[in-house]
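Summary of structural features
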Amino acid sequence: MSHDMGFLFIIPIVAIVGGITMGIISTLGQQRLAELARRERIAAIERGLDPDKLPPLATPDGYGDYAMGNGRLRRAHGLMIGGAVLVAVGLALFVFLASIEPDKSHKLLGLLPLFVGLALLASSAVIWPRKK
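Counting restarts for each chain, with residues numbered from 1 along the sequence as it is written. Under the rules for a predicted model, residues below a pLDDT of 70 receive no local features and side-chain atom pairs below 80 are neither given nor counted, while totals for whole chains, interfaces and linings still include all residues. Only hydrogens and water are set aside when side-chain values are computed; all heavy atoms of the structure are taken into account.

Counting its secondary structure elements, the protein contains four helices and zero strands. In the protein, the succession of α and β elements from N to C terminus is α-α-α-α. Considering only contacts in the protein between residues 6 or more positions apart, those separated by 24 or more positions represent 55%. To measure how exposed things are, a 1.4 Å probe is used in the Shrake-Rupley method; for residues, cover is taken only from the protein chains shown. A total accessible area of about 10200 Å² is found for the protein, and carbon and sulfur atoms account for 70% of it. In this text, helices come from DSSP runs of H or I with a minimum length of four residues, and strands from runs of E with a minimum of two, each type numbered from the N-terminal end. Residue contacts are defined here by distance: any two heavy atoms, one from each residue, within 4.5 Å place the two residues in contact.

Right, dumping it as structure tokens:
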């Protein structure tokens, strides 16, 4: 049984390392695109184009005003998505573990991601931008 427990910890470790790696790669890619857009704009100005006639610099992530003008909305969306995923994972884990060993308390492990997901959904509701 202890040999099987070792594999239990590999999955979250791989998920965490993979998520951090993907975040770093995504950030580096966005920075590179923003740098290329600035260089292209500078080259156009050097060729004599009027800077007022050039389109505004787009955000590297492609969200435009969504990212530039309303960071709270974007953050709330991220929290809502993360919360929904964790609620689903928590429920699935609870049901799965309850179906395998219904008389054991292992099924309560599913409650941890469930409650974290609910907390993320609540924080999403708190920071959601309100109309003035």
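Another point: the confidence of the model for the protein. Confidence scores here are pLDDT values: one per residue, from the predictor, ranging 0 to 100. Mean pLDDT for the protein: 81, with 84% of residues reaching 70 or above. When pLDDT is averaged over each helix and strand of the protein, the minimum, 47, is found for helix α2 (residues 65-69) and the maximum, 91, for helix α4 (residues 111-127). A low-confidence stretch, residues 65-69 (pLDDT under 50), is modelled with seven contacts involving residues beyond four sequence positions or located in other chains.

What follows covers the environment of I45. By the element assignment, I45 lies in helix α1 (residues 2-46). When accessible area is computed with a 1.4 Å probe and restricted to protein chains, residues below 20% of their type maximum are described as buried, those above 50% as exposed, and intermediate ones as partly exposed. The class of I45 is partly exposed, set by a relative accessible area of 36%. If near-sequence neighbours (up to four positions away) are discounted, I45 is found in contact with P51 and L54.

Quick look at helix α3 (residues 71-100) now. Given a helix with a known number of residues, its expected span is that number minus one, times 1.5 Å. End to end, α3 covers 43 Å across 30 residues, agreeing with the expected 44 Å (1.5 Å per residue, within 8%). For α3, the full list of buried residues reads L73, A76, G83, V87, G90 and L97.

Bringing α4 into the picture now. In this model α4 runs 24 Å from its N-terminal to its C-terminal C-alpha over 17 residues, within 8% of the 24 Å that 1.5 Å per residue would give. In this structure, the buried residues of α4 make contact with α3.

Think of each axis as a best-fit line through the C-alpha atoms, taken over the contacting stretch in the case of a helix, with angles from 0 to 180 degrees between the N-to-C directions. In the contact formed by α3 and α4, the axes pass within 7 Å of each other and the chain directions differ by 160 degrees. Relative to α4, the element α3 is oriented roughly antiparallel. Read as a crossing pair, α3 and α4 show a hand that is left-handed. All amino acids are sorted into three groups, where Ala, Val, Leu, Ile, Met, Phe, Trp, Tyr, Cys and Pro are nonpolar, Asp, Glu, Lys and Arg are charged, and the leftover types, Gly among them, are polar. Split into classes, the residues belonging to the contact of α3 with α4 amount to 18 nonpolar, six polar and two charged. These descriptions rest on fixed angle ranges, namely under 35 degrees for roughly parallel, over 145 for roughly antiparallel, 65 to 115 for roughly perpendicular, and the rest for oblique. Crossings are sorted by hand: turned counterclockwise from the far helix by less than a right angle, the near helix makes the crossing left-handed, and turned clockwise it makes it right-handed.

Looking at the secondary structure, you find S124 in helix α4. Judged by its relative accessible area of 3%, S124 falls in the buried class. For S124, the side chain forms a polar contact with the main-chain oxygen of A76, separated by 3.0 Å. Whenever two N or O atoms come within 3.5 Å, that pair is a polar contact, provided that in protein one can donate a hydrogen and the other can accept it, and provided that, for residues adjacent in sequence, both atoms are side-chain atoms.

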